[in-house]
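Chain residues, written in single-letter form:
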Amino acid sequence: MILVTGAAGKTGQAVVRSLVVQGAAVRAFVRTAEQATTLLALGAAEAVVGTFATADDLVRACTGAATIYHICPNMHPDELQIGRNLLTAAQQAGVARFVYHSVLHPQVEAMAHHWQKVRVEELLFQAGLAYTIVQPAAYMQNVLAAWPAVMSEGIYRVPYAAHTRLGMVDLADVAAAVTRLVLEPALDFGAYELAGSEVLTQDEVAAQMSAWAGRPVHCEVVERAEWAAAARLRGMNDYTVTTLLAMFEYYEQHGFWGSPFVLTHLLGREPTTFGEFLAREG
Ligand SMILES: NC(=O)c1ccc[n+]([C@@H]2O[C@H](COP(=O)([O-])OP(=O)(O)OC[C@H]3O[C@@H](n4cnc5c(N)ncnc54)[C@H](OP(=O)(O)O)[C@@H]3O)[C@@H](O)[C@H]2O)c1
């Protein structure tokens, strides 16, 4: 049995779907009964309803699992503590393998969510379980949030300079690679960067959207203070706002991309391009 945490989220559902297609027995750890129903409909064999905040829930989720695929909720202020608690539960339950959904370049201290992840990776080295670390780049799927404005106004709004260079990865490719890493213990004890093969400026992203939509699409830069005020109005918590602002600033200063070599090797083909992604999702 493979326990997938954060199973109802964007990453979790993609990973569960991909594991199930390969015939794996998956137990989904979710927060609500409604999410449990969704995950069972996706093909999960079992669903456990609980919260990362409750040790008993974690032990209940881990008991009888041979492998854990741990996906921490996005931008969670307690990611390090959640990782520690889940590892403790895994040890108590006698789980043999722990695969961790980290991020590309977790070593970057300027981005708090990356820094928390690298500290969880460090715990894995010391926990006495077989481990694997998955380090995906930013997902292509993130641009879908901008889709309504792209389609209605022809504007792709980003909170960093238009020349910012990002290497995005298709979440479907990530899920396919993760499935190999979860199902093949011969790949244990590795840290795997999962990055796409293109590095695009935001102007180039808008140009590809334009080519796909058959109408002009322009990149428009939103001031970060303006972005933060709107995010707070929508109810985004302070940790998330602050962490995202630091991430946007880092992206603008340094760009963010990795090597596609490992993902290409795991998939046995070139990673999905942004154009192919648009053709599939648009
Ligand atoms: N987005 C990217 O480009 C990218 C790239 C690389 C790595 N990552 C990493 O991928 C991970 C997953 O991101 P995601 O966007 O897929 O996450 P997500 O959509 O936010 O999903 C997280 C899931 O965890 C659940 N959850 C939240 N708090 C919980 C709690 N206390 N106890 C139990 N469950 C809880 C959420 O439930 P509710 O729906 O009920 O809130 C949700 O179903 C993150 O760690 C992120 O850093 C993301």
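Residues numbered from 1 in each chain as written. Predicted model: local features only at pLDDT ≥ 70, side-chain atom pairs only at ≥ 80, totals over all residues. Heavy atoms only, no water.

A. Structural view of the nonpolar core. By size, the foremost hydrophobic cluster in this structure holds 71 residues, and its most contacted members are V4, Y69, Y156, M209, Y251 and F274. Considering each element in turn, this core owes the most residues, 7 residues, to helix α7 (residues 171-183). The residues contacting F274, other than those within four sequence positions of it, are M140, V143, M168, E198, L200, V205, Q208 and M209. Counting 26 residues, the second-largest nonpolar core is a separate cluster that includes F52, I68, I82 and Y100. (Core = buried A, V, L, I, M, F, W, Y, C linked by side-chain atoms within 4.5 Å. Buried < 20%, exposed > 50% of the residue type's maximum accessible area, 1.4 Å probe, protein only. Helix = DSSP H or I, 4+ residues; strand = E, 2+ residues; numbered from the N terminus. Contact = heavy atoms within 4.5 Å.)

B. Examining the packing of aromatic side chains more closely. Under the counting rule described, the total for this entry stands at 9 aromatic pairs. Judged by centre distance (5.8 Å) and plane angle (65 degrees), the ring pair of Y160 and Y251 falls under edge-to-face. Taken together, the residues Y160 in the loop between β7 (155-158) and β8 (165-166) and Y251 in helix α10 (residues 238-254) connect sequence positions 91 residues apart. You'll find Y160 and Y251 in the same group, each marked buried. Three or more aromatic residues joined by ring pairs make a cluster, and in this case those are Y160, W227, F248, Y251 and F256. (Phe/Tyr/Trp six-rings, centres within 6.5 Å; stacked < 30°, edge-to-face > 60°.)

C. A look at the state of the cysteines. A complete count under the given rule lists 0 disulfides for this structure. Here C72 stays unpaired: no disulfide links it, and the sulfur of C62, its closest cysteine neighbor, is 14 Å away. (Disulfide = S-S within 2.5 Å.)

D. Inspection of the site of the ligand at higher detail. The environment of the ligand is formed by 23 residues, the closest being T11, R31, C72, K117 and N142. In the model, an oxygen atom of the ligand is placed 2.6 Å from a nitrogen or oxygen of the T11 side chain. In this structure, an oxygen atom belonging to the ligand sits 3.3 Å away from a side-chain N or O atom of N74. Starting from 930 Å² of accessible surface for the ligand in isolation, the protein chains cover 82%. Among the residues making up the shell around the ligand, the classes are represented as 10 nonpolar, 10 polar and 3 charged. (Near = heavy atom within 4 Å. Polar contact = N/O pair within 3.5 Å; in protein donor to acceptor, adjacent residues only side chain to side chain. Areas by Shrake-Rupley, 256 points an atom, 1.4 Å probe, with all protein chains shown as cover. Nonpolar A, V, L, I, M, F, W, Y, C, P; charged D, E, K, R; others polar.)

E. The environment of H114, seen in detail. Locating H114 in the fold gives a position in helix α5 (residues 112-126). In this structure H114 comes out as buried when scored by relative accessible area, which is 1%. Separated by 11 residues in sequence, H114 and V103 place their C-alpha atoms 6.7 Å apart. Not counting the four nearest positions on each side in its chain, H114 is found in contact with V103, L104, H105, P106, V108 and F256.

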